[in-house]
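# Structural overview
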Amino acid sequence: SNLSASCWSRLHPVNMFNSCNLKFHHRKALTSPYPGSHIERCQVPEDKVGWMTEWEDYNPMEYTAKSVLARPNWADPQINDEGFSPKFNERDGEVERKSLNGLYVVENGRPRNPAGRTGLTGRGLLGRWGPNHAADPIVTRWKRDGSGSKVAHPVSGKNILQFVAIKRRDCGEWAIPGGMVDPGEKITATLRREFEEEALNSLQKSPEEKAKLEKQLQMLFSQEHFVVYRGYVDDPRNTDNAWMETEAVNYHDETGETMDNLPLEAGDDAGVVKWVDISEKLELYASHSYFIKLVTEKRGAHWSEDPGSECHK
């Protein structure tokens, strides 16, 4: 059956290791102005976010960015364009229009955001009607002192985990170095490609440098890893008709030997790249703090100085 807003609140990430069942909030997708514009969303009260709640006066503005309307190869045509008949809720040629959270409602030919109203229709900055699929590689290692020993947090006593973070050029926020899945591309390929482009600046490397990087990355990406999260992302670019979904995967370098010699260099959409200590004080783009918290749970790493906060909803 189609996903309703009422059942959405009961969905949890695909993550056997998350004992706290943290509730996912649809919050950043309600903020104004819309990224990269002066467009104001219509204000959506908390009790009217869900589609199951009647709201006859709901009449949000329609907005699709000019960069999307210019029809780059990663963008769909407008919904009423001649010859465009997308196959929602299924694989549409090379384009994946299935949602990671199951079936979504299609109303008047337009897909409906499964997390509820956002105060804006159209596609905004997103290329696809419906789900826009991304992949987020979370590369981690233990923080170590000069002698190579793991560093524990003085309050929690748990070892401190670090991850490779980028500072996004578009909004200046720190984030996981992820990106969009290309049509026909496997998630595993996207995870590796995005990490190379964003955190290692592989697009600017010589063939010799690339070959050396590939050898090191093969060690990291071929080892055991775990899927942190699969599903809807509370992203400021989301609209009523287009939304972000991701698969976040943790690749952990237990000894530090693989990543220590990897030359981090910002590239593509990244302005800065560096190793960042993980804690609840981190403020990251979209839902990235949530994904990072799940990794600390799995690894038994430090997150909070307050022992009672580990299972807060």
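Residues numbered from 1 in each chain as written. Predicted model: local features only at pLDDT ≥ 70, side-chain atom pairs only at ≥ 80, totals over all residues. Heavy atoms only, no water.

Applicable threshold: UniProt positions are given in the numbering used here, feature names are shortened, and annotations may be inferred rather than shown by experiment.
Per an unreviewed UniProt entry, the protein carries the name ADP-ribose pyrophosphatase, mitochondrial and comes from Vidua chalybeata. Annotation of the protein in UniProt includes, under Catalytic activity (unreviewed entry), the sentence "ADP-D-ribose + H2O = D-ribose 5-phosphate + AMP + 2 H(+)".

### Quick look at helix α6 (residues 288–299)
What counts, and what does not: Under the DSSP-based scheme used, a helix requires at least four consecutive residues in state H or I and a strand at least two consecutive residues in state E, with every element numbered from the N terminus. The span you would expect from a helix comes to 1.5 Å times its residue count less one. The buried label applies to any residue whose accessible area, calculated with a 1.4 Å probe on protein chains only, is under 20% of its type's maximum; exposed applies above 50%, and partly exposed to all values in between. Contact definition: two residues touch when any of their heavy atoms are within 4.5 Å.
With 12 residues, α6 should cover 16 Å at 1.5 Å per step; its first-to-last C-alpha distance of 17 Å lies within 8% of that length. The buried count for α6 comes to nine of 12 residues, which makes it a mostly enclosed element. Of the positions making up α6, those classed as buried are H288, Y290, F291, I292, K293, L294, V295, T296 and E297. For α6, the secondary structure elements touched by its buried residues are β7 (130–142), β8 (161–168), β9 (174–175), β11 (225–233) and β12 (242–253). Positive backbone phi, at 65°, marks G300, one or two positions downstream of α6.

### Some thoughts on the nonpolar core
Our working definition: What is meant by a nonpolar core is a set of buried Ala, Val, Leu, Ile, Met, Phe, Trp, Tyr and Cys residues, joined one to another through side-chain atoms within 4.5 Å.
Of all hydrophobic cores here, the largest spans 56 residues; its most connected members are I138, F163, F195, V228 and F291. Mapped onto this core, the elements with two or more residues apiece are β7, β8, α3 (187–199), α4 (207–221), β11, β12, β13 (270–277) and α6. Ranked by residue count, the leading element in this core is β12, at six residues. If we skip the residues at most four places from it in the chain, I138 touches F163, I176, V228, A248, V249, N250, Y251, F291, I292 and V295.

### A word on the pattern of salt bridges
A side chain with one charge may pair with a side chain of the opposite charge, provided their charged atoms come close. Heads up, the condition is: Throughout this description, the term salt bridge denotes a Lys or Arg side-chain nitrogen within 4 Å of a carboxyl oxygen of Asp or Glu.
On inspection of all chains with the given rule, the structure shows 19 salt bridges. Linked through salt bridges whose partners overlap, the residues forming this network are D182, E185, R193, E194 and E197.

### Things to note about the packing of aromatic side chains
Inclusion rule: Whether two aromatic rings pair depends on their centres lying within 6.5 Å, for rings of Phe, Tyr and Trp, where Trp uses its six-membered ring; planes under 30 degrees apart make the pair stacked, over 60 edge-to-face, and the rest tilted.
Overall, the coordinates contain 10 aromatic pairs when judged by the stated rule. Plain terms: the ring middles of Y34 and Y63 are 5.6 Å apart, the flat faces sit at 70° to each other, and that makes the pair edge-to-face. Remark: Y63 occurs in strand β1 (residues 61–64) and Y34 occurs in the loop between α1 (5–8) and β1; sequence separation between them is 29 residues. Across the pair, Y63 and Y34 agree in class, each one buried. Aromatic side chains F88 and Y104 sit 6.4 Å apart centroid to centroid with 70° between the ring planes, which places their arrangement in the edge-to-face category.

### So, the pairing of strand β6 (residues 120–124)
Two faces, one strand: in a regular strand the side chains alternate between the faces of the sheet. Note the threshold: Two strands qualify as a pair provided DSSP detects at least 2 bridges between them.
Counting buried residues along β6, five of its five residues qualify, which places the element largely inside the surrounding structure. By the bridge criterion, three bridges tie β1 to β6 in an arrangement that is parallel. Paired with M61 across the two strands is L120, which belongs to β6.

### Observations regarding unusual backbone geometry
The omega angle of the peptide bond from S32 to P33 is -5°, so this bond is cis rather than trans. Its identity is not glycine, yet N108 carries a phi of approximately 55°, on the positive side. Mapped onto the fold, N108 is located in the loop between β4 (106–107) and β5 (110–111). Phi is positive for N201, close to 55°, though the residue is something other than glycine. Within the fold, N201 resides in the loop between α3 and α4. Its relative accessible area of 9% is what places N201 among the buried residues.

### Section: the side chain of D234
Heads up, the rule is: Charged-residue counts in this description rest on Lys and Arg as positive and Asp and Glu as negative, His and the chain ends being excluded. Polar contacts, as used here, are pairs of N or O atoms within 3.5 Å; protein pairs need one atom able to donate a hydrogen and one able to accept it. Residues neighboring in sequence count only if both atoms are side-chain atoms.
Here D234 is to be found in the loop between β11 and β12. Among buried charged residues, D234 stands out as having no salt bridge; its nearest opposite-charge side chain is R27, 5.1 Å away. A polar atom in the side chain of D234 sits 2.7 Å from the backbone nitrogen of K28.

### Regarding the pairing of β12
Summarising burial for β12: 12 of the 12 residues are buried, a large majority. The alternating pattern of β12 places A242, M244, T246, A248, N250 and H252 on one face and W243, E245, E247, V249, Y251 and D253 on the opposite face, and all of these are buried. Here β11 pairs with β12 via eight bridges, running antiparallel. Its bridge partner lying in β12, F226 is registered against N250.

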